[in-house]
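# Close look at the chain arrangement
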Amino acid sequence: QVQLVESGGGLVQPGGSLRLSCAASGGIFRLYTMGWHRQAPGKQRELVAAISGGGNTKYADSVKGRFTISRDNAKNTVNLQMNSLGPEDTAVYYCARERAWPPDGRADYWGQGTQVTVSS
């Protein structure tokens, strides 16, 4: 049974930074592509960033240059460093184990989500 547990969300002012973390258990972590998705109120869930088992990365255009995804295969964790945050980044962020590389937005396992709110 794969479990994904996110942490690190919260309230941040515009221009600020947050770091999200996801701890995975079950399965062979290093074999799988991991991703971060987000869903804002009234909008569809979107893939924000993904990282393959070998460390290749992919970002949504809206976050390129501001967000960085990383993973530690020894600790079974995947992180999302978010800088220069704006109100448009407000959403629930979900950690996911993607079905494939390159990712197409479909995932086999999801975390429970963590709220990120960007507001002054």
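The structure under discussion appears in the preceding block.
Here the structure is a predicted model, which means the values were calculated and not measured.

### Details of the overall build of the protein
Across its full length, the protein carries zero helices and eleven strands. Ordered by position from the N terminus, the helices and strands of the protein form the series β-β-β-β-β-β-β-β-β-β-β. The C-alpha radius of gyration of the protein comes to 13 Å, within 12% of the 14 Å expected for a compact globule of 120 residues. Principal axes of the C-alpha set define a box for the protein whose edges measure 40 × 25 × 25 Å. Summarising the internal contacts of the protein: among those between residues at least 6 apart in sequence, 56% fall at separations of at least 24. Of the roughly 6,200 Å² of accessible surface on the protein, a fraction of 45% belongs to carbon and sulfur atoms. Positive and negative side-chain charges of the protein, numbering 13 and 9 respectively, have mean locations separated by a distance of 4 Å.

### Describing the sheet that holds strand β3 (residues 18-25)
Spatial ordering of the open sheet is given by β1-β3-β8-β7, a layout of four strands whose pairing is antiparallel. A single partner strand is all that each edge strand has here, and the edge strands are β1 (3-7) and β7 (67-72). Each strand of the sheet is rotated relative to its neighbour by a mean of 15 degrees, with strand direction disregarded.

### Section: the side chain of E6
Among the structural elements, E6 can be located in strand β1. One buried charged side chain, E6, makes no salt bridge at all; its nearest oppositely charged neighbour is R45, positioned 8.0 Å away. In this structure the side chain of E6 is engaged in a polar contact, spanning 2.8 Å, whose partner is the backbone nitrogen of C95. Here G113 takes part through its backbone nitrogen, which lies 3.0 Å from a polar atom of the side chain of E6. With sequence-adjacent residues up to four places away left out, E6 is seen in contact with S21, C22, W36, Y93, Y94, C95, G111, Q112, G113 and T114.

### A closer look at empty space enclosed by the protein
Considering all chains together, one arrives at one cavity of 30 Å³ or more under this definition. Within this model, the largest cavity holds a volume of roughly 50 Å³. Taken together, the residues of the lining of the largest cavity break down into seven nonpolar, two polar and one charged.

### Some remarks on the pattern of salt bridges
Evaluation of the coordinates by the stated rule reveals six salt bridges. Close ionic contact of R38 with E46 constitutes a salt bridge, the shortest N to O distance being 2.7 Å. Overall, E46 belongs to the partly exposed group, its relative accessible area being 33%. We note a salt bridge from K64 to D61, for which the minimum N-O separation is 3.1 Å. The pair formed by K64 and D61 is uniform in burial state, with each residue classed as exposed. By sharing partners, the salt bridges in this structure join R38, E46, R66 and D89 into a single network.

About the cut-offs
- Residues numbered from 1 in each chain as written.
- Predicted model: local features only at pLDDT ≥ 70, side-chain atom pairs only at ≥ 80, totals over all residues.
- Heavy atoms only, no water.
- Helix = DSSP H or I, 4+ residues; strand = E, 2+ residues; numbered from the N terminus.
- Rg over C-alpha atoms; globule rule 2.2 N^0.38 Å.
- Contact = heavy atoms within 4.5 Å.
- Areas by Shrake-Rupley, 256 points an atom, 1.4 Å probe, with all protein chains shown as cover.
- Lys, Arg positive; Asp, Glu negative; His and termini not counted.
- Charge placed at Lys NZ, Arg CZ, Asp CG, Glu CD.
- Pairing = 2+ DSSP bridges.
- Axes fitted to C-alpha atoms, helices over the stretch in contact; angles between N-to-C directions.
- Buried < 20%, exposed > 50% of the residue type's maximum accessible area, 1.4 Å probe, protein only.
- Salt bridge = Lys/Arg side-chain N within 4 Å of Asp/Glu carboxyl O.
- Polar contact = N/O pair within 3.5 Å; in protein donor to acceptor, adjacent residues only side chain to side chain.
- 1 Å grid on protein atoms, 1.4 Å probe; cavity = no way out; pocket = protein on both sides within 12 Å on 5 of 7 lines; lining within 4 Å.
- Points joined across faces, edges and corners; volume = space filled by probe spheres on them.
- Nonpolar A, V, L, I, M, F, W, Y, C, P; charged D, E, K, R; others polar.

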